[in-house]
Amino acid sequence: MTVPLLKIGAVLSTMAMVTNWMSQTLPSLVGLNGTAVSRAGTSEKISPDEGWQVYTSAQAPDGKCLCTAVIPVQGTCSRDLRSHQLRQLMEKVYTSAQAPDGKCLCTAVIPVQGTCSRDLRSHQLRQLMEKELKDKMTELLPLLPVLDQYKSDTRLIVHLKEEVRNLSGSLLAIQEEMGAYDYEELQQRVLMLEARLHACMQKLEVVSVLMGLGPPFRPGIPNPSPPQVWYMDGYYKGRRVLEFRTLNDFVTGQNFVQHLLPHPWAGTGHVVFNGSLYYNKYQSNIAVKYHFRSRSVLVQRSLAGAGYNNTFPYSWGGFSDIDFMVDESGLWAVYTTNQNAGNIVVSRVDPQTLEVLRSWDTGYPKRSAGESFMICGTLYVTNSHLAGAKIYFAYYTNTSSYEYTDIPFHNQYSHISMLDYNPRERVLYTWNNGHQVIYNVTLFHVIKTSGE
C-alpha cells in the first residue's frame with residue numbers, strides 16, 4: 001500500500017481499490033451528491049470545480065473489502081466550503097466489512113485538512129511579530145518614569161524662566177529708579193520717609209479692649225504650645241522650679257530640668273520673661289530676677305512701700321501680695337501700699353534692673369479682687385476667685401482712666417489661685433483648684449488719631 005505526500009504536507013490516504021457502492025456513498029457524506037462517479041478499478045476527479053477527488057475500488061479476489069478515501073485537491077484552503085465540511089468528518093472512522101448483499105462497507109480515516117500554507121505562514125509571522133513587539137515594550141517600560149520626570153522638569157524650567165524674566169524686569173526698574181539719584185539724595189529721601197512715618201505713628205493711638213474669653217479647656221497631649229512650662233509647687237517657702245520642654249511634657253510629667261532657687265518664694269504671682277524668673281522673695285517686698293541658664297540671681301530690688309506676708313493679698317489669700325505680669329509692652333508689678341489705703345497699684349518695671357519706671361493708683365481695693373492680669377497696658381480685675389466671678393474692672397494705663405466691666409468668666413473648678421496673660425499665645429493661663437485651665441482671649445483693637 002502506497003501513501004502519496006501532497007505539497008501542503010498532508011497525508012492523503014491509502015491508495016486502494018474499493019467497490020462502486022463506496023464511491024457513491026462517501027460523496028454523499030461530504031455533500032457531493034449528483035456528481036459523476038468513476039468506474040471500478042479506475043480513478044478520476046469528480047466535480048473538479050468543487051475541488052473533490054474520489055478513488056474507486058473493487059473487491060479483492062479473497063473476498064476482502066479494499067477501501068478508498070475522499071480528499072480535497074492539493075492547495076485547498078480552510079476557508080473553502082468543502083474543507084469546512086471535511087473538517088466536520090475529522091477523525092471519523094468507518095468500519096470495513098461486507099454487506100449481506102455482497103457489497104463492501106469500507107473504512108476511511110479523514111485527515112484534518114483546510115489550512116493554507118499561506119495562512120500558516122502568516123499566523124507564524126504574526127506570532128513572531130507580536131513576540132518582538134512585546135519584547136520591545138518590556139525594554140521600554142523602565143523609560144516611562146524617566147519620561148514623566150522629564151515632563152516635570154520641563155514644566156519647572158518654564159516656570160523658572162518666567163520667574164527670572166519677572167525678576168529681571170524688577171531689577172531693571174530698580175536700576176532705572178536708582179540711576180536718577182545719587183547716594184546722598186537716596187539717603188536724604190529715606191530719612192524724610194522715616195520722619196513722616198514717625199509723625200504718623202505719633203498721631204495714632206491703638207487701644208486694645210478685652211471683649212470676651214473663650215470657653216475654658218485643660219491642656220492635652222495634642223497641644224504642643226507653649227514651648228516651655230515652668231512649674232512651682234505651693235504658694236510660699238518653695239524653692240524648687242521644674243522646667244518642662246513642652247506643655248505635653250508638663251501634662252505627662254516627663255523631660256524636665258530642676259532648678260533650686262537660692263531664696264524661697266511667696267505667693268503665686270511669679271512670671272518667666274526672656275529666660276528669667278521674676279518672683280517675690282519670701283517674707284519681704286523684694287523682687288528677685290533668677291536667670292535659668294546661668295542658674296543664678298542677676299538682680300534683686302525692694303518695691304518701696306509694697307505690702308507683703310499676707311498684708312494686702314487677693315481675696316483668696318495665699319501670700320499673694322505682689323503679682324508680676326508680662327504683656328505686649330513689657331514687665332509689670334501689681335501690689336498695694338499703706339499710702340494708697342490698700343488700693344491696687346500698677347507699676348511698670350525695668351526687666352533689667354527691676355527699677356520702677358512709673359506707677360498708677362487704680363483706686364480698686366486689692367482685697368476685693370479675686371485675681372488680675374495685664375493685656376496691652378490695661379489691668380483687668382475679677383471680682384472673686386470663686387464660682388460666679390466676672391471680669392469686673394479695667395484700668396487703662398495709657399489714659400490713666402478706668403471703667404467697670406461685665407465680662408463673663410467661667411470659673412469651672414470654683415477656686416482660682418493664679419491668673420496670667422501670655423502675650424505670645426494670646427491666652428489666659430489659670431490654676432483653678434488643682435487644674436491647669438486655659439482661656440482664649442478675644443480683643444477689639446481701636447485705632448484713634450490724636451484729634452479724636
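Going by an unreviewed UniProt entry, the protein carries the name NOE2 protein and comes from Aramus guarauna.

Enquirer: Please provide a residue-by-residue account of the sheet that holds strand β15 (residues 330-335), values included.
Expert: Across the sheet, which stays open at both edges, the 4 strands sit in the order β14-β15-β16-β17 with antiparallel pairing between neighbours. Edge positions in the sheet fall to β14 (323-327) and β17 (356-365), since each has one partner strand and no second. For this sheet, the mean angle separating the axes of adjacent strands, direction not counted, is 25°. Sheet topology note: the β14/β15 ladder contains 5 bridges and is antiparallel. Across the sheet, the residue bridging to aspartate 323 is valine 334, located in β15.

Enquirer: Talk me through the side chain of threonine 362; I want residue IDs and the actual numbers.
Expert: Relative to the elements of secondary structure, threonine 362 occurs in strand β17. Take threonine 362: its relative accessible area is 4%, and that puts it in the buried class. One polar contact links the side chain of threonine 362 to the main-chain carbonyl oxygen of isoleucine 344, over a distance of 2.9 Å. A distance of 3.3 Å separates a polar side-chain atom of threonine 362 from the backbone nitrogen of tyrosine 364. When near neighbours in sequence (up to four residues on either side) are disregarded, threonine 362 contacts Ile344, Val346, Leu379, Phe393, Tyr395 and Tyr402.

Enquirer: So what's going on with the sheet that holds strand β10 (residues 271-273)? Residues and values would help.
Expert: Spatially, β10-β11-β12-β13 is the arrangement adopted by the 4 strands of the open sheet, whose pairing is antiparallel. With one partner strand each, in any of the chains shown, β10 and β13 (296-302) form the two edges of the open sheet. Strand-to-strand twist of the sheet, defined as the mean angle between neighbouring strand axes without regard to direction, takes the value 25°.

Enquirer: Describe the pairing of strand β11 (residues 276-280), with residues and values.
Expert: On any regular strand, side chains alternate: one points to one face of the sheet, the next to the other face. Most of β11 is tucked away: 5 of the 5 residues are buried. Neither face of β11 is exposed, since Ser276, Tyr278 and Asn280 on one face and Leu277 and Tyr279 on the opposite face are all buried. Sheet topology places β10 next to β11; 3 bridges connect them, and they run antiparallel. In the strand pairing of β11, valine 271 is matched with tyrosine 278. Hairpin geometry of β10 and β11 is characterised by an intervening segment of 2 residues between the two adjacent antiparallel strands and by a positive phi of about 55° at asparagine 274. Relative to strand β12 (residues 286-291), β11 is paired through 5 bridges, and the arrangement is antiparallel. Across the sheet, residue tyrosine 279 finds its bridge partner in β12, namely valine 288. Taking the residues that link successive antiparallel strands as the turn, the β11-β12 hairpin has 5 residues, and the phi of glutamine 283 there is positive, at about 55°.

Enquirer: Outline a nonpolar patch on the surface, listing residues and values.
Expert: Together, Leu125, Leu128 and Met129 give the surface a local cluster of nonpolar side chains, amounting to about 300 Å² of exposed area. Residue position: leucine 125 is located in helix α3 (residues 117-140).

Enquirer: Please provide a residue-by-residue account of the packing of aromatic side chains, values included.
Expert: Scanning the entire structure with this criterion turns up 21 aromatic pairs. Ring geometry for phenylalanine 373 versus tyrosine 380: centroids 5.6 Å apart, planes at 25°, classification stacked. In this structure, phenylalanine 373 and tyrosine 380 share a single accessibility class: buried. For the ring pair phenylalanine 393 and tyrosine 404, a centre distance of 5.5 Å and an interplane angle of 65° mean the geometry is edge-to-face. Of the two residues, phenylalanine 393 sits in strand β20 (residues 390-396) while tyrosine 404 sits in strand β21 (residues 401-408), which places them 11 residues apart along the sequence. An aromatic cluster is defined as three or more aromatic residues linked by ring pairs; in this entry it consists of Tyr231, Phe244, Phe250, Phe256 and Trp431.

Cut-offs applied
- Residues numbered from 1 in each chain as written.
- Predicted model: local features only at pLDDT ≥ 70, side-chain atom pairs only at ≥ 80, totals over all residues.
- Heavy atoms only, no water.
- Pairing = 2+ DSSP bridges.
- Helix = DSSP H or I, 4+ residues; strand = E, 2+ residues; numbered from the N terminus.
- Axes fitted to C-alpha atoms, helices over the stretch in contact; angles between N-to-C directions.
- Buried < 20%, exposed > 50% of the residue type's maximum accessible area, 1.4 Å probe, protein only.
- Polar contact = N/O pair within 3.5 Å; in protein donor to acceptor, adjacent residues only side chain to side chain.
- Contact = heavy atoms within 4.5 Å.
- Patch = residues over 30% accessible without salt bridge, like charges linked within 9 Å, V, L, I, M, F, W, Y side chains within 5 Å.
- Areas by Shrake-Rupley, 256 points an atom, 1.4 Å probe, with all protein chains shown as cover.
- Salt bridge = Lys/Arg side-chain N within 4 Å of Asp/Glu carboxyl O.
- Phe/Tyr/Trp six-rings, centres within 6.5 Å; stacked < 30°, edge-to-face > 60°.

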